[in-house]
Amino acid sequence: MAAPVIGPEIDRLIQLLARLPGLGPRSARRAALDLLKKGEASMGPLADALTVAAARITSCSRCSNLDTPISCHICTDARRNKSAICVVEEVADLWALERASYGGHYHVLGGVLSALDGVGPEDLSIIDLVNRAAEPDVTEVILAMNATVDGQTTAHYITDRLIDCNVSVTRLAHGVPVGGELDYLDDGTLIQAMKARRPF
Ligand SMILES: [Zn+2]
């Protein structure tokens, strides 16, 4: 039998890279080759960043954003609007809304309610959210869950839980995307856009 072309060190690197989301075996091989070609200049900073992230990054005890334990850069930012909490499923959603220049605070649920996957209210940070919504500064809770069945079920559940808090509960509008052509939209998006129409 012929000896393997790829040595165990490189093979391990490829195997680890291939476990990352969005990187299949082919992209993992390309990424590994690129790193190896560039050598220490490319691999050193990456290895350092991974070591620092593994040692220092954790969930914020208040909003569940990922940051260093001493200071979540969102919770400690005094310029942010204290009156609004935007509720999202995952940190990736928080990052997306930051790109949209939302200037308030966040609450990351850590998922959505799902009977199929056995996720109940106790598995999400809903009690923490209710406690935060009861703080005197907070006047609005914006529900920014995904427009999926589980996302909307979770939004309804949270709305019920916030009934005794003195806050207005809003949700993101669903409708025609900027630059979207009607003919290319799915029926659900079109129906929502028609229902949520506003005066021109
Ligand atoms: Zn935080």
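Residues numbered from 1 in each chain as written. Predicted model: local features only at pLDDT ≥ 70, side-chain atom pairs only at ≥ 80, totals over all residues. Heavy atoms only, no water.

The next subject is the state of the cysteines. Throughout the structure, instances matching the rule amount to zero disulfides. Between C86, a free cysteine, and C63, which holds the nearest cysteine sulfur, the sulfur-to-sulfur gap is 11 Å. For C86, a relative accessible area of 2% gives the class buried. (Disulfide = S-S within 2.5 Å. Buried < 20%, exposed > 50% of the residue type's maximum accessible area, 1.4 Å probe, protein only.)

A few words now on the pattern of salt bridges. If you walk through the whole model with that rule in mind, you get five salt bridges. Between K38 and D34 there is a salt bridge, with its nearest N and O atoms 3.1 Å apart. Separated by four residues within a single helix, K38 and D34 lie in helix α2 (residues 25–38), roughly one turn from each other. In this structure D34 comes out as partly exposed when scored by relative accessible area, which is 36%. In this structure, D77 engages R80 in a salt bridge whose closest nitrogen and oxygen atoms are separated by 3.7 Å. (Salt bridge = Lys/Arg side-chain N within 4 Å of Asp/Glu carboxyl O. Helix = DSSP H or I, 4+ residues; strand = E, 2+ residues; numbered from the N terminus.)

Another point: the pairing of strand β4 (residues 104–108). Among the five residues of β4, five are classified as buried, and the element is accordingly described as predominantly covered. Bridging between strand β3 (residues 81–88) and β4 involves five bridges; their strand directions are parallel. Looking at β4, one finds that N81 is bridged to G104. (Pairing = 2+ DSSP bridges.)

By secondary structure assignment, the location of H107 is in strand β4. Side chain to side chain, H107 and R132 meet in a polar contact 3.1 Å long. (Polar contact = N/O pair within 3.5 Å; in protein donor to acceptor, adjacent residues only side chain to side chain.)

Along the chain, C86 falls in strand β3. The sequence separation of C86 and G103 amounts to 17 residues, and the corresponding C-alpha distance is 9.8 Å. Beyond its immediate chain neighbours, meaning those up to four positions away, C86 contacts L97, Y102, H105, Y106, H107, I142 and A144. (Contact = heavy atoms within 4.5 Å.)

What follows is about the coordination of the zinc ion. The zinc ion binds to the protein through C60 (SG), C63 (SG), C72 (SG) and C75 (SG); the donor distances cover 2.3 to 2.4 Å. In this structure, the zinc ion is coordinated by four donor atoms arranged in tetrahedral fashion, with angles at the metal of 106 to 113°. Expressed as a motif, the donor residue spacing for the zinc ion is C-x2-C-x8-C-x2-C. You can see C60 sitting in the loop between β1 (58–59) and β2 (66–67) and its partner C72 sitting in the loop between β2 and β3, a full twelve residues away along the chain. As far as the burial class goes, C60 and C72 line up, both buried. (Donors = N, O, S within 2.8 Å, 3.2 Å for Na, K, Ca; no water. Tetrahedral: all angles 85-135°; square planar, octahedral: opposite > 155°, others 65-115°.)

Attention now moves to the pairing of strand β5 (residues 140–143). Bridge count for β3 against β5 is four bridges, and the pairing is parallel. Along β5, the bridge assignment pairs V87 with L143. As defined by bridge partners, β5 adjoins strand β6 (residues 168–171) across four bridges and the pair is classed as parallel. Among the inter-strand pairings, E140 is bridged to a residue of β6, identified as S168. On the question of chirality, the crossover connecting β5 to the parallel β6 by way of helix α6 (residues 149–161) is right-handed. (Right-handed = clockwise from strand over helix to strand, strands pointing away.)

When we look at burial in helix α5 (residues 126–133), the residues that qualify are I126, L129, V130, R132 and A133. Mapping the buried residues of α5 onto a view down its axis gives an arc of 160°, with all of them on the same face. (Arc of directions from axis to C-beta.)

What follows covers the side chain of E89. Along the chain, E89 turns up in the loop between β3 and α4 (91–99). At 12 Å, R171 is the nearest oppositely charged side chain to E89, a buried residue that forms no salt bridge. When near neighbours in sequence (up to four residues on either side) are disregarded, E89 contacts V108, L109, G110, G111, V112, M145, N146 and G151. (Lys, Arg positive; Asp, Glu negative; His and termini not counted.)

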